[in-house]
Amino acid sequence: MTGRKEHALRAKEVMERKLKNCPPCVGRFYASMPNMSHNTKKVYIDNLMQFLNDVQATTDEEIYRLDTNDVNAYCSKRALEISEASRLREITVLKMFFTFLQESGCIALNPVSSKVRKGIKAQATETVVMTRSEVRRCFQKIQEHGGKWMFRDLLIFALPLATGLRLSELNEINVQDIDFDKKRLNIIGKGNKHAHIALTDEIIEYINNWEEERAELLAGHQLDSLFVSYYGGTYN
């Protein structure tokens, strides 16, 4: 099984267990999002359940009775707790959910109005960037304490730093995704879109070092995932 398929299967199993404790309409909403990645669907369901728990709607019938006042009160409160980008994502999730219920004939009106988006703006979250000296210290610590996993951990740290890969994309890299001739990495990014990421000679060297160590650690065991865990399975 490939690392990407293994991650998708594990994410699906975790979500199916979680949905057993959710109102049935949440499960139907989840099933209506087949073209989204499992990570995106997980975030959406988590956002939705946070709202439903906050307004204490635990059954389909209670959800169907929610109105614009419930949504506005929740969004105004969240504006003081989270970033504007996160708040707008939560509003998008609520709008998608109630649109799904409306189109399914469960509710007559969508309680998420366009006015909800105005709300109270939270202060923008400051972006924290590592300095060059901090990056060097991280590399030094990995080299000093990495042991037999040093080449793996160096690559895990260096690859997203050099390419901007998301953690979910990093976890799902298979060995076959690396094109050494063209010096690029083939990934499936956000929205299940395929992309080609250029790799520097330094990153290629990190990959080659890890692949040699990886082959010894696997000792003949077949695993498509580029990164290996302490237990010999896909790294997560």
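What counts, and at which threshold
- Residues numbered from 1 in each chain as written.
- Predicted model: local features only at pLDDT ≥ 70, side-chain atom pairs only at ≥ 80, totals over all residues.
- Heavy atoms only, no water.
- Helix = DSSP H or I, 4+ residues; strand = E, 2+ residues; numbered from the N terminus.
- Buried < 20%, exposed > 50% of the residue type's maximum accessible area, 1.4 Å probe, protein only.
- Contact = heavy atoms within 4.5 Å.
- Areas by Shrake-Rupley, 256 points an atom, 1.4 Å probe, with all protein chains shown as cover.
- Disulfide = S-S within 2.5 Å.
- Phe/Tyr/Trp six-rings, centres within 6.5 Å; stacked < 30°, edge-to-face > 60°.
- Axes fitted to C-alpha atoms, helices over the stretch in contact; angles between N-to-C directions.
- Parallel < 35°, antiparallel > 145°, perpendicular 65-115°, else oblique.
- Left-handed = near helix turned anticlockwise from the far one by under 90°.
- Nonpolar A, V, L, I, M, F, W, Y, C, P; charged D, E, K, R; others polar.
- Pairing = 2+ DSSP bridges.
- pLDDT = per-residue confidence, 0-100.
- Salt bridge = Lys/Arg side-chain N within 4 Å of Asp/Glu carboxyl O.

Caption draft 1: Fine view of the overall build of the protein. In terms of regular secondary structure, the protein is built from ten helices and three strands. Mapped from its N terminus to its C terminus, the protein presents α and β elements in the order α-α-α-α-α-α-α-α-α-β-β-β-α. Classification of the 236 residues of the protein by burial places 39% in the buried group. For the protein, restricting intrachain contacts to residue pairs at least 6 apart in sequence, the fraction spanning at least 24 positions comes to 57%. For the protein, the accessible area works out to roughly 14,100 Å², and carbon and sulfur atoms hold 51% of it.

Caption draft 2: Quick look at the state of the cysteines. Within the structure shown, the criterion is met by zero disulfides. For the unlinked cysteine Cys22, the closest cysteine sulfur is that of Cys25, found at 9.3 Å.

Caption draft 3: Local environment of the packing of aromatic side chains. Taken as a whole and judged by the stated rule, the model has eight aromatic pairs. Pairing Phe51 with Tyr74 gives two aromatic rings, centres 5.1 Å apart and planes at 75 degrees, and the pair type is edge-to-face. Within this pair, whereas Phe51 is found in helix α3 (residues 38-54), its partner Tyr74 is found in helix α5 (residues 68-79), the two being separated by 23 residues in sequence. On the basis of relative accessibility, which here comes to 0%, the residue Phe51 falls in the buried class. Classification of Tyr74 by relative accessible area gives buried; the value is 3%. Considering the side-chain rings of Phe139 and Tyr206, the 6.3 Å spacing of their centres and the 5 degrees angle between planes classify their relative orientation as stacked. In this pair, Phe139 sits in helix α7 (residues 132-145) while Tyr206 sits in helix α10 (residues 201-218), placing the two residues 67 residues apart along the sequence. With a relative accessible area of 14%, Tyr206 lands in the buried category.

Caption draft 4: Region of interest: the packing of α7 against helix α8 (residues 150-163). Where α7 contacts α8, the two axes come as close as 9 Å, and the packing angle between them is 160 degrees. As summarised for this structure, α7 and α8 are arranged roughly antiparallel, according to the angle between their axes. Crossing angle aside, the handedness with which α7 passes α8 is right-handed. Mapping the contact onto sequence places Val135, Cys138, Phe139, Ile142 and Gln143 in α7 and Met150, Asp153, Leu154, Phe157, Ala158 and Leu161 in α8. Class assignment for the residues of the contact of α7 with α8 results in nine nonpolar, one polar and one charged.

Caption draft 5: Local environment of the pairing of strand β2 (residues 184-188). Along β2, the buried face is formed by Leu185 and Ile187; none of Arg184, Asn186 and Ile188, which line the opposite face, is buried. Both strand β1 (residues 178-179) and β2 contribute to a ladder of two bridges, which runs antiparallel. Each bridged residue has a counterpart across the sheet, and for Asp179 the counterpart in β2 is Arg184. Hairpin connection between β1 and β2: a loop of four residues separates the two successive antiparallel strands, and Lys183 in this loop has a positive phi of roughly 50 degrees.

Caption draft 6: Local environment of the sheet that holds strand β3 (residues 194-198). Read from one edge of the open sheet, three strands run β1-β2-β3, paired in antiparallel fashion. Both edges of this open sheet fall to β1 and β3, since each of them pairs with a single strand only.

Caption draft 7: Summary view of the environment of Arg10. Relative to the helices and strands, Arg10 resides in helix α1 (residues 3-19). Sequence separation between Arg10 and His38 is 28 residues; the distance between their C-alpha atoms is 9.6 Å.

Caption draft 8: Quick peek at the confidence of the model for the protein. Averaged over the protein, the pLDDT score is 87; the fraction of residues at 70 or greater is 88%. Mean pLDDT across the secondary structure elements of the protein bottoms out at α1, with 77, and peaks at helix α4 (residues 60-64), with 96.

Caption draft 9: Here's a closer look at the pattern of salt bridges. Summed over the entire model, instances satisfying the criterion amount to ten salt bridges. Among the salt bridges present, the one from Arg152 reaches Asp153, with a minimum N-O distance of 2.9 Å. Between Arg166 and Glu169 there is a salt bridge whose closest N-O contact spans 3.1 Å.

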